[in-house]
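# Geometric and topological summary
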Amino acid sequence: MDQGFFLLFATVAVITALIVVLARNPVHSALALMACFLQISAVFVLLEAPLLAVVQIFVYVGAIMVLFLFVIMMIDVREAVLQRFLPGGNLPALALLVLLGAEMLVLVLSSDRFSVTEPSAMAEGDQIRALSTTLFADYLLPFEAASVILLAALVGAIVLARKESG
C-alpha cells in the first residue's frame, strides 16, 4: 500500500515538475511548483519524517512560493513571456535533460543505498534533536551560506521588480 502511494506521489511530482518547465505562463509554472512541493512533502510523510514534511510545507510552499508569486506579479508578465524562450534553444536543453535523466537512472539502479531497510527505532524527539544538532554543529557553514544566498535572491528580486524612473 505504501509503495502504491509512493508511486502516485512520485508520478504527480514528476508531472508537475515537467509542467513547471514547459508552461509558458509564469503563474502556471509557480502553481505547478507549489503542487510539486506538496507532493514531495507527502513523500516525506510516507517516509515517516513528519518534521521534514512540515518544514517543506512551511518553508517552500509558504515562504518561497509567496516570494515567487510576488516577483511574478511585480514583473511585467507579458514581456517576461516573450523573453523567456530563445528560438531553437529547446533541442539542446531536451538532449541534456535526456542525458542527465539516463545518468541518474543508471546511478540509482547501480547503487545499493536505495535498498529496503527498516527504519531506526529512535524516538521522534531524539530524531529531531539529532537532526538539529547535526544541522547547527556539523553543517553550520552551509546552513548560513544558504541563508545568505536566499537573502541575495530576495534583494535581487526586489531590484528586478522595481520600475525604472524616467
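Residues numbered from 1 in each chain as written. Predicted model: local features only at pLDDT ≥ 70, side-chain atom pairs only at ≥ 80, totals over all residues. Heavy atoms only, no water.

## Points about the packing of aromatic side chains
Counted according to the given criterion, the structure contains two aromatic pairs. Measuring from ring centre to ring centre gives 6.2 Å for Phe5 and Phe9, while their planes differ by 20 degrees; the resulting arrangement is stacked. Taken together, the positions of Phe5 and Phe9, both in helix H1 (residues 2–22) and four residues apart, correspond to about one turn of that helix. Between Phe37 and Tyr60, the ring centres sit 5.1 Å apart and the planes meet at 45 degrees, which makes this aromatic pair tilted. Of this pair, Phe37 sits in helix H2 (residues 26–46) while Tyr60 sits in helix H3 (residues 50–74), placing them 23 residues apart in sequence. (Phe/Tyr/Trp six-rings, centres within 6.5 Å; stacked < 30°, edge-to-face > 60°. Helix = DSSP H or I, 4+ residues; strand = E, 2+ residues; numbered from the N terminus.)

## What about H3?
Counted at 1.5 Å a residue, the expected span for H3 with its 25 residues is 36 Å, and the 34 Å between its end C-alpha atoms agrees. Bending of H3 peaks at approximately 30 degrees at the position of Met65. Residues Ala53, Gln56, Val61, Ile64, Met65, Val71 and Ile72 constitute the buried set of H3. (Expected span 1.5 Å × (residues − 1). Bend = angle between axes of the 7 residues up to and from the residue. Buried < 20%, exposed > 50% of the residue type's maximum accessible area, 1.4 Å probe, protein only.)

## Points about the environment of Gln56
Structurally, Gln56 can be placed in helix H3. Spatially, the C-alpha atoms of Gln56 and Gln39 are 10.0 Å apart, while their sequence positions differ by 17 residues. Excluding residues within four positions of it along the chain, Gln56 makes contact with Phe37, Ile40, Ser41, Phe44 and Val61. (Contact = heavy atoms within 4.5 Å.)

## Notes on the confidence of the model for the protein
This prediction gives the protein a mean pLDDT of 79; 80% of its residues lie at or above 70. Put simply, helix H4 (residues 77–84) is where the protein has its lowest mean pLDDT, 57, and H1 is where it has its highest, 91. (pLDDT = per-residue confidence, 0-100.)

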